[in-house]
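Fold and geometry: a report
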Amino acid sequence: RPLTILPNITVEGRFAAVTFHADDRRRENLWLWDVASDKARPAALSIDAPTVWSLAFHPTEPLLAVGGITEDVAVVHVGERRQVKSLAGFHGYACNLSFSPDGALLAASRDGRGFGVHRFDTGEALFRYGDGEDLHTSDAVFSPDGRLVAWGRADGTVELWGVED
């Protein structure tokens with residue numbers, strides 16, 4: 001039986017991550033590769049969520065944020081190949097994850113209900129916004145300088161939100 005690959009393969013520097021759908025035969029739903037080494041086999045991890053599909057590598061630490069059909073974001077240490085913490089408080093699915101350039105903030109789209117910006121160290125929600133369109137999920141991404149968050153609305157427009165210190 002073939003694996004069902006959900007639409008997220010992410011490569012950052014020396015690591016690659018792929019999400020899979022866990023089923024009765026396979027409990028692992030995240031695979032990590034160290035592409036800079038000669039190890040051909042990935043590390044298979046089980047993230048406590050029915051489905052994971054969103055991956056974001058931290059910009060300055062060897063960490064990976066993993067979201068999906070869950071209200072928590074799993075944080076995986078890619079060098080140690082293990083989950084090190086879970087961030088709660090992502091109301092709705094934690095998908096389309098994006099870090100601020102310094103890694104202090106994490107943006108997440110919320111199951112067609114908008115997006116939120118959270119502190120990465122605690123998971124605390126600093127800001128939430130939605131446009132009321134239930135069937136819409138867009139990425140919320142930080143600008144390269146970290147001063148803005150861009151988010152696509154259901155009507156096809158893009159909004160820019162300022163980020164305060």
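Residues numbered from 1 in each chain as written. Predicted model: local features only at pLDDT ≥ 70, side-chain atom pairs only at ≥ 80, totals over all residues. Heavy atoms only, no water.

To continue, consider the overall build of the chain. Per the secondary structure count, the chain includes 0 helices and 15 strands. By the burial criterion, 46% of the 165 residues in the chain qualify as buried. Within the structure as shown, the chain displays about 8800 Å² of accessible surface, and the carbon and sulfur contribution to it stands at 49%. (Helix = DSSP H or I, 4+ residues; strand = E, 2+ residues; numbered from the N terminus. Buried < 20%, exposed > 50% of the residue type's maximum accessible area, 1.4 Å probe, protein only. Areas by Shrake-Rupley, 256 points an atom, 1.4 Å probe, with all protein chains shown as cover.)

All right, on to the pairing of strand β3 (residues 30-34) then. A large share of β3 lies buried, amounting to 4 of its 5 residues. Of the strand pairs in this sheet, β3 and strand β4 (residues 43-45) are connected by 3 bridges, and their pairing is antiparallel. Bridge pairing links Leu 32 to Ala 43 in β4. (Pairing = 2+ DSSP bridges.)

Read from one edge of the open sheet, 4 strands run β5-β6-β7-β8, paired in antiparallel fashion. Every interior strand has two partners, whereas the edge strands, β5 (52-57) and β8 (82-87), have only one. Each adjacent strand pair in this sheet contributes to an overall mean axis angle of 30°, direction not counted. The sheet contact formed by strand β7 (residues 73-77) and β8 spans 5 bridges and is antiparallel. Of the residues in β8, the one forming a bridge with Val 76 is Gln 83. (Axes fitted to C-alpha atoms, helices over the stretch in contact; angles between N-to-C directions.)

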